[in-house]
Amino acid sequence: MAARFPSTIAAWRQALEAKPRHNLPSLLANLASAIDRCNPGLNCYIDWDGGEVQKALGGIDPEPRPGAGPLEGVPIGIKDVLNVKDQPCHCASRILEGYISPYDATVVARLRRAGAIPLGRLNMDEFAMGSTNENSAYGPVRNPWNKDHVAGGSSGGAAAAVAAGVAVAALGTDTGGSIRQPAAFCGCVGLKPSYGRVSRYGLTAFASSLDQVGPVTRTVADAATLLQCIAGRDPLDTTSLDVPVPDYTAALGSELGGLKLGLPAEYFADGVDPEVTRAVRAAIDECRRLGAEIIEVQLPHTRYAVATYYIIATAEASANLARFDGVRYGARVAGQDPLDSYQRTRATYFGPEVKRRIILGTYVLSSGYHDAYYLRAQKVRTLIRQDFERVFDQCDALLTPVAPTTAYRLGERIDDPLQMYLGDIFTVTANLAGICGLSVPCGFSTTGLPIGLQILGPALREATILQIGHAYEQATNWSAQHPPHGREAIQS
Amino acid sequence: MDVRYVAHLARLSLTDEEAGLFQGQLQHVLDYVQELSPLNVADVEPTAHALPLQNVFRADEAAPGLPHEQVMANAPQARNGLFMVPRILE
Amino acid sequence: MNAPVTYKVSIGLETHVQLRTRSKIWCTCPNRFGRPPNTDVCPVCLGYPGTMPVLNAAAVKQTVCAGLLLGCTINYRSKFDRKSYFYPDMPKNYQISQYDQPLCTGGAVTIEVDDQPRTIRIQRIHLEEDVAKNVHFADVSGVDFNRAGTPLMEIVSEPDIESADEAFAYLQALKQMLVYGGITDGNLEEGNIRCDINCSVRPVGQQELGTKTEIKNMNTFKGVHRSLTYEIQRQIDVLQAGGRITQETRRWDDERGVTSAMRSKEYAHDYRYFPEPDLVPVVLEESPLETWRAALPEMPAQRRARFVADLGLPPYDAEVLVADKAVADFFEAALAAGAAPKPASNWVMTELLRALGEKEWTLAEARITPENLARLLQLLEEGQINTPAAKTIFSACFEQGGDPVAIMQAKGLSQVSDEGALTAWVDAAIAAHPKSVADYQGGKPAALQFLMGQVMRASRGKANPPKVLAALKAKLDA
């Protein structure tokens, strides 16, 4: 079934240029009414009200110049963790109630420069801590394929909105899989760029040595377009790399000849849902058919990744979230002295998962435990990084499942944090190693839930994984599917 | 782990219920991360960063900050251009 | 009866020095003092969500230069760490500092107390960010973040200081060198230099250091001296009474002149240091380091030596002139404008320093320029004015400024050297005081001074004294 509404960047640009049938205000008004209809069920946008579009249109030329910027007139959804000037940035937390950002994150400024319209605040797990989007102070996001299931996390709002056709594309963030896993759970495309490829300035930090901003889109080509606009050195982010940005769309084709793709044995072990394994194996066969050579490889330290990740990420988070004290911005509970006020403010306005992680991170850095936990984890991180360096000597990219399962039922894992953390096993490794990873739809379970294929590439080789993802996507039709709770199904 | 002591370091007050719940959950996680213990990492350099970067500086050039009104608009409590907090005891 | 126990004192100072940069350490907000609260702030120095630090190159260079001046080892590789503690003056509730890899280690400061030279070893110098300023009211406190993010260098000494006098001398010497190096303005009133004191005493003969106390947040050198004088005696009194020193942080009450224990925190600090993930390591190559070393300004000791050796000044003069860099700079500029060293030194040491002291001005507030002084000395040298007139002109230059020649003419202070006028005054004095003439001619040289005074009075101070003297002698000795 052909899509009736422009649900990709390419389609939106086409619709804009096909005058006189469409113009920007009418396209945006249509999108707004789709959001009005879908959002109550999915909860992918925080604080959504129709006025948003009017506000967005306020500063924008309703007749965009054709071909002016690669994203001219295209609305892009923004995860609630990214600062947009004069907008709230809740991070899906109550502790930032009342905060209005005085500045644009660098990625947002770059979107504007490309002509895009930052639109809406996409729901997420509070401070990006979670894998189901159930840790949002604004309520969970529901999966557009089955509302009893989660959208994944932490960029659940971004993935659900794009999958449901109520965001043309979105910016998410990925610290341990937060772009790739919800993209897989919702059946859309998610790219975690290499560490240092995209500026983090304006991204409210969860774990600074792991965080990256990346695109959540319907197609791989859209992901390439978005990455093209946001990548590159930023003088405001010391850790952004001063390395030329290649032409990502130029690399997209339909052949995989000459590429060697590795299958890490550890990612196909017991414990992976057989339906997930079956779909990923089929995708691997498709890549072979497209000309790629497939080899087996080993990443022996994979089994230590979750433990390593949760020590490092929570340690950094415990410091990053210390600034939320109710002195300069955000919510505050009064107290008899500053200490008392801090404790009450943070106890009242942080959610339970955030508290758990702050406590864990504080503990692993505390006197007497620092070396046994934090320092050891940093060393194991080196071993995990070296694993990848070795396999990327043997192959161009790796093919793996994104997650061991399809989207959980709502509430299924919320009471067991450890079980929840273990579900991140296939995604945290890329963040620890600083490499890039792409999630592409590769099928559905028998119950109709999407399954994702993960393509991992060496640092700064986004062009390679986009090329693989695109060729695979063109050879299959998973991306053309529309969920029952999305715009195509609901809007008349 | 003394969950109350650690929470205090992080300036979080916990209800009895939370303390009990977190104590169990976090102990569970700490038991799990023990699986790193058998690894011999004596000769392994720690990774603080996955980046091969050093010496990234900014030139010493000044520019005006934010307008004062905008800064104070975000303040939960302000007076005379200052952010107000409960009296600090020394 | 036992001999009275004598005590040895060990003091270590942690000296925080604000660096003289244009912008703050992590952001482009201006680094300056005295602005209305919260006007030199931005999302970075307010610790807003999403913001990141970018290291100011000048802050690194100045810290390294300080290390070079103090003879430190400059560490090839250095990094930044987060030091966590919650306090309202901390925008992020962690301070970006340097834990195990500071920019500089080792080094020393040489001081002299009672003519005894002593070497105080430096343990390390690291770079960090200053915190905001708290203002206290009756029931609440206010926070001004203008100061937050000022580049701050912490110089940690070994516990080699053995008295309050030595602590004072150490701080003086340190300040002098850093101001000479252009690293800080050294204005104590603006909080440019602040320090924490670690102090312990132990009976002479005991090897290990006694239990120490820490006195926090001292911002005057005099306060350091007074608080140490008090604290050393307090500790000795406690020990002599058979008591024990409690390891604690104490606060100096300047009005009452006592230290007292600060309200103890319920828990000891646990700073949870870890590497700052938003910054990357600093790796100092040898070549820029050499360039910086070569460009280091002259230090006070070198300058003193040069003043003695090259200018022929007495060591005392050199010492006085060099004490304040601004004064020594003024002196050298006067020489450059043509003044001779010794007269210039005399005038700077006596007239200039006296006038500054009387007005309680800094040199920057005085209107006189080095060129003015050189011109004034030239007038004196050429005999166009006499010394009293020169002092009058100096005062005018000092307070209002202006060219000495113009002032001389406006005030009619030029000296009379005209033979005719001088002869008339000399003849009149001789005629009016025959007794003095007789005294002089009878062998009392003092009488000549009296006659000389009469001539000067008659000329209202304008007569050229050497010429008057010559004329008197010519008449009386004939």
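An account of the accompanying structure is given in this report.

Conventions and cut-offs
- Residues numbered from 1 in each chain as written.
- Chains lettered and ligands numbered in written order.
- Predicted model: local features only at pLDDT ≥ 70, side-chain atom pairs only at ≥ 80, totals over all residues.
- Heavy atoms only, no water.
- Helix = DSSP H or I, 4+ residues; strand = E, 2+ residues; numbered from the N terminus.
- Buried < 20%, exposed > 50% of the residue type's maximum accessible area, 1.4 Å probe, protein only.
- Areas by Shrake-Rupley, 256 points an atom, 1.4 Å probe, with all protein chains shown as cover.
- Pairing = 2+ DSSP bridges.
- Contact = heavy atoms within 4.5 Å.
- Buried area = accessible area lost by both parts, 1.4 Å probe.
- Salt bridge = Lys/Arg side-chain N within 4 Å of Asp/Glu carboxyl O.
- Polar contact = N/O pair within 3.5 Å; in protein donor to acceptor, adjacent residues only side chain to side chain.
- Expected span 1.5 Å × (residues − 1).
- Phe/Tyr/Trp six-rings, centres within 6.5 Å; stacked < 30°, edge-to-face > 60°.
- Lys NZ or Arg CZ within 6 Å of the ring centre and 35° of its normal.

Attention now moves to the overall build of chain B. When helices and strands are tallied, chain B shows three helices and two strands. Starting at the N terminus and ending at the C terminus, chain B contains elements arranged as α-α-α-β-β. Each principal axis of the C-alpha distribution contributes one length, and for chain B these read about 55 × 45 × 25 Å. Looking at chain B as a whole, 47% of its 90 residues qualify as buried. Accessible surface for chain B amounts to roughly 4,500 Å². Of this, 50% is attributable to carbon and sulfur atoms.

Spatial strand order, 1(B)-2(B)-10(C)-9(C): four strands in an open sheet with antiparallel pairing. A strand with exactly one partner marks an edge of an open sheet, and here the two such strands are strand 1 (78–79) of chain B together with strand 9 (133–136) of chain C. Bridging between strand 1 of chain B and strand 2 (residues 82–86) of chain B involves two bridges; their strand directions are antiparallel. Bridging from a neighbouring strand, B:Arg79 pairs with B:Leu82 of strand 2 of chain B.

Attention now goes to the interface of chain A and chain B. If you look at the interface, chain A gives 68 residues, while chain B gives 49 residues. When the two sides are added together, the surface that chain A and chain B hide from each other amounts to roughly 5,100 Å², 69% of it contributed by carbon and sulfur. Sorting the residues of chain A by area buried against chain B places A:Ile359, A:Arg376 and A:Lys379 first, and these three jointly supply 13% of that buried surface. Applying the counting rule to chain A against chain B returns one salt bridge. A salt bridge links A:Lys355 to B:Glu18; the nearest nitrogen and oxygen atoms lie 2.7 Å apart. Applying the counting criterion to the chain A and chain B interface returns 17 residue pairs in polar contact (both at pLDDT 80 or more). Top contributing element to the side of chain A that touches chain B by residue count: helix 12 (residues 371–394) of chain A, with 11 residues.

Attention now moves to helix 9 (residues 305–320) of chain A. Count 3.6 residues to each turn of an α-helix, and residues three or four apart come out pointing the same way. Taking 1.5 Å per residue, 16 residues should reach 22 Å; helix 9 of chain A reaches 22 Å between its end C-alpha atoms and fits that length. Where burial is concerned, most of helix 9 of chain A is hidden: 16 out of the 16 residues are buried.

Before going further, it helps to spend a moment on the packing of aromatic side chains. Taken as a whole, this structure holds 29 aromatic pairs over all chains when the rule is applied. Measuring from ring centre to ring centre gives 4.9 Å for A:Phe127 and A:Phe324, while their planes differ by 45°; the resulting arrangement is tilted. With a gap of 197 residues between them, A:Phe127 in the loop between strand 3 (117–122) and strand 4 (142–143) and A:Phe324 in the loop between helix 9 and helix 10 (338–349) connect regions that are remote in the sequence. Exposure class is identical for A:Phe127 and A:Phe324. Each is buried. Between the aromatic rings of A:Tyr310 and A:Tyr421, the centroid separation amounts to 3.9 Å while the plane-to-plane angle is 15°, which identifies the pairing as stacked. Separated by 111 residues along the polypeptide, A:Tyr310 in helix 9 and A:Tyr421 in helix 13 (residues 417–422) bring together distant segments of the chain. By relative accessible area, A:Tyr310 is classed as buried at 3%. Taking the relative accessible area as the measure of exposure, A:Tyr421 reaches 2% and is therefore buried. A connected cluster of aromatic rings, assembled from ring pairs, spans A:Tyr99, A:Phe127, A:Phe324, A:Tyr329, A:Phe350 and C:Tyr48. Above the ring of C:Tyr271, the side-chain terminus of C:Lys83 is found at 4.5 Å from the ring centroid. C:Lys359 extends its terminal NZ or CZ atom over the ring of C:Trp361, reaching a point 5.7 Å from the ring centre.

Residue and element names in this part refer to chain C. Tracing the chain through its elements places threonine 213 in strand 13 (residues 213–218). With a relative accessible area of 1%, threonine 213 lands in the buried category. Looking at threonine 213, its side chain comes within polar contact range of the side chain of glutamate 231, at 2.9 Å. A polar side-chain atom of threonine 213 sits 3.1 Å from a polar atom in the side chain of glutamine 235. When residues no more than four places from it in sequence are discounted, the contact partners of threonine 213 are Ile197, Asn198, Cys199, Glu231, Arg234, Gln235, Ile245, Thr246, Glu248 and Arg250.

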